[in-house]
Amino acid sequence: MAVVSCQSLQEETHNDIQAMSKDQHSFAKPQKVVIKHLDLNIEVDFEKKSISGNASYDIQNNGSNEVVFDTRGLNIEGVTIGEGEQETSFELGEAREFLGSPLKVDIKENTKRVNIYYSTGKEAHALQWLNPQQTADKKHPFLFTQGQAILTRTWIPVQDSPGIRFTYNAKVKVPKELMAVMSASNPQAKNETGVYEFEMKQPIPAYLLALSVGDIVFKPVDERTGVYAEPSVIDGAVYEFADMGKMLDAAEKLYGKYQWERYDVIVLPPSFPFGGMENPRLTFATPTILAGDRSLTSLVAHELAHSWSGNLVTNATWDDFWMNEGFTVYFEKRIMEALYGEDYVDMLSVLGFQDLQGEIDDLGEESEDTHLKLNLAGRDPDDGMTNIAYEKGTLFLETIEAQVGREKFDVFLNKYFETNAFKTITTETFLEYLDNELLQPNQINMNVDEWVYGPGVPANAHAPVSERFEKVEVSINRFLANYNPSELETEGWTTHEWLHFVRNLPDNLTIDDMAKLDEAFGLTNSGNSEIAAAWFEKSINNNYEVAYPKMEEFLIKVGRRKFLVPLYKGLAKTEEGKKLAKEIYSKARTNYHAVSTNTLDALLGIES
Ligand code: BES
Ligand code: ZN
């Protein structure tokens, strides 16, 4: 293949993407050649911190002489074509920021199989290699992957676009004392060989490929659901997630049959950068939702709901991210309502609405990033993945529901999931579907375009109210009117009420006020990660340094970005605070996944 200069390669690639594919974040040209099935055969080496092996693809070739894969930081050792493994030439293009390099493989017009031999490099951002100290049991190392949005290409050469679905089988060799699990059919016990085989029969996009390796054990919750975790974590996790089966039943009753057979959750070490990740058949979850009282399980409902919105009906590009997350938050709340009632969900809605307002304040009222439909061309998709997709997305759907009534909306959503199962959807296709199937038949005139292509929150938003929170607000006001904390009616408050209480305390309290609350309610020492994180944020804003040692401990242990960003950001507002933030970060950084360090390096102005 001719060597092209960086400049012209970029232009060529850019034009190709424009012409051939609407996904700006993949080099693949699926109209020419698209992958249909992956056979992955890899070995996980904890010593070298590398995965190596081969990825063999069955392809659908529409008569092209070239197939293009996405890669980032991979060492490509060789490529062969056909069952007979004929050597072929390939070219790894110039690396582009976020996107990595296109791997262009020469094939024949009748080529049906491509085998890529590779190993991961130093900068495999999907992977987090943990040493024993960074796990719960501190005995064995651990590895997990995080693919969404465009990180799967850092550990597997693949057509890494949410619009491209394929089935996969995998064979994974790991050290004998460890077990491997994937977003596929999974083992429930270790075996002696350290070799595990997996099958994912339903076609999925690359961002849902996932692997965890560690000292992992399994316990069932019921016939269809169960939990994976380190030995010391498993019993608590089984207790916490006791209602998983009921959630699954409720979800099926709402929007149709669960298409993925089993539903399990793996509780990962605390450095996992997200609350949860909807890897099919096996949700990856942070241990910070193990509150001990089952109060943070809406996260499980959320990841489960993705089994329909996201995994079954998938956003076509990352510009359509709200199609994944907005629908999922809506669905999550419907599951929680079915199990725990309306007043529970009203609390979730108000908290979500506050998150939305906070996000709009941060981004700016007129920011294009407050549109539901995003324009992430030339940007890391991760930058656009804010609360807007989640909270404005669900608010849009709730506003439609309020207009047509729940009954009709549910019929519509059932049909939506059925019609679009195992397909991808753009915002535009959805809007057309919405208009034809729901709005026109019911003669509803809605400002749909304002919601989707406009900034902020439209005036007709179905704003949430919570009676239980109104009582919390009474307590806040009493405290501000100098009542003693013991005189506030906090009895029977759940996590969400405490969260509302802490979040809505003003930012000009005296140290004495903060200390009074802390003494009465043990907030600095709260074992509930949500309450603790909200309290630490309040402590920063009110200069309540008593909480700092605990906060530092939290920041060193927990890698969940949602908690980290507000705390580091809060600290960085003052010179002194920024110094402390950098000090803590220098100790904590090795415990964070690349997803979190990417954000925090930028936030604290640290060269990575
Ligand atoms: N799919 C997301 C996580 C994600 C989003 C990963 C964007 C990479 C890029 C997952 O379903 C999610 O939304 N997790 C939330 C929890 C949820 C209850 C809102 C989280 O991690 O906080
Ligand atoms: Zn989600």
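Parameters and conventions
- Residues numbered from 1 in each chain as written.
- Chains lettered and ligands numbered in written order.
- Predicted model: local features only at pLDDT ≥ 70, side-chain atom pairs only at ≥ 80, totals over all residues.
- Heavy atoms only, no water.
- Helix = DSSP H or I, 4+ residues; strand = E, 2+ residues; numbered from the N terminus.
- Rg over C-alpha atoms; globule rule 2.2 N^0.38 Å.
- Buried < 20%, exposed > 50% of the residue type's maximum accessible area, 1.4 Å probe, protein only.
- Contact = heavy atoms within 4.5 Å.
- Areas by Shrake-Rupley, 256 points an atom, 1.4 Å probe, with all protein chains shown as cover.
- Lys, Arg positive; Asp, Glu negative; His and termini not counted.
- Charge placed at Lys NZ, Arg CZ, Asp CG, Glu CD.
- Pairing = 2+ DSSP bridges.
- Axes fitted to C-alpha atoms, helices over the stretch in contact; angles between N-to-C directions.
- Donors = N, O, S within 2.8 Å, 3.2 Å for Na, K, Ca; no water.
- Tetrahedral: all angles 85-135°; square planar, octahedral: opposite > 155°, others 65-115°.

Caption draft 1: Summary view of the overall build of the protein. Looking only at helices and strands, the protein features 18 helices and 21 strands. Radius of gyration (C-alpha) of the protein: 24 Å, near the 25 Å computed for a compact globule of 608 residues. Principal-axis analysis of the C-alpha atoms places the extent of the protein at approximately 80 × 60 × 50 Å. By residue count, 58% of the 608 residues in the protein fall in the buried class. Intrachain contacts of the protein at a sequence separation of at least 6 include 71% that bridge at least 24 residues. Carbon and sulfur atoms make up 46% of the accessible area of the protein, which totals about 24,500 Å². Of the charged side chains in the protein, 57 are positive and 94 negative, and the gap between their average positions amounts to 4 Å.

Caption draft 2: Spatial organisation of the sheet that holds strand E3 (residues 66-71). Strand order in the open sheet formed by 3 strands is E3-E7-E6, with antiparallel pairing between adjacent strands. With one partner strand each, in any of the chains shown, E3 and strand E6 (90-92) form the two edges of the open sheet. In this sheet, neighbouring strand axes are inclined to one another by 15° on average, regardless of whether the strands run parallel or antiparallel. Here E6 pairs with strand E7 (residues 101-106) via 3 bridges, running antiparallel. Residue Phe90 lies in a different strand from E7, and its bridge partner there is Val105.

Caption draft 3: Inspection of the sheet that holds strand E1 (residues 33-45) at higher detail. Taken in spatial order, the 7 strands line up as E5-E4-E8-E2-E1-E11-E13 in an open sheet, and their pairing is mixed. Here the strands that pair on one side only, and so sit at the sheet edges, are strand E5 (86-87) and strand E13 (195-205).

Caption draft 4: A look at the coordination of the zinc ion (ligand 2). The coordination sphere of the zinc ion (ligand 2) contains the protein donors His302 (NE2), His306 (NE2), Glu325 (OE) and Glu325 (OE), at a distance range of 2.0 to 2.8 Å. Coordination geometry of the zinc ion (ligand 2): the 6 donor atoms subtend angles of 52 to 160° at the metal centre, consistent with an arrangement described as irregular. Sequence spacing of the donor residues for the zinc ion (ligand 2), all on one chain, is H-x3-H-x18-E. On the criterion of sequence distance, the pair formed by His306 in the loop between helix H4 (298-305) and strand E20 (313-315) and Glu325 in helix H5 (residues 321-340) is long-range, its members being 19 residues apart. Given a relative accessible area of 0%, His306 falls into the buried group.

Caption draft 5: Spotlight on the pairing of strand E4 (residues 74-81). Most of E4 sits inside the fold, with 6 of its 8 residues counted as buried. Alignment of E4 against strand E8 (residues 113-120), held across 7 bridges, turns out to be antiparallel. By the bridge assignment for E8, Ile76 is matched with Tyr118. Bridging between E4 and E5 involves 2 bridges; their strand directions are antiparallel. Paired with Thr80 across the two strands is Glu87, which belongs to E5.

Caption draft 6: Just the pairing of strand E14 (residues 211-214), in detail. Burial of the side chains of E14 extends over both faces: Leu211 and Val213 are buried on one face and Ser212 and Gly214 on the other. Both strand E10 (residues 142-145) and E14 contribute to a ladder of 2 bridges, which runs antiparallel. Following the sheet pairing, Phe144 is matched in E14 by Ser212. Where strand E12 (residues 179-182) meets E14, 4 bridges bridge the pair, whose relative direction is antiparallel. Looking across to E14, one finds that Ala180 is bridged to Val213.

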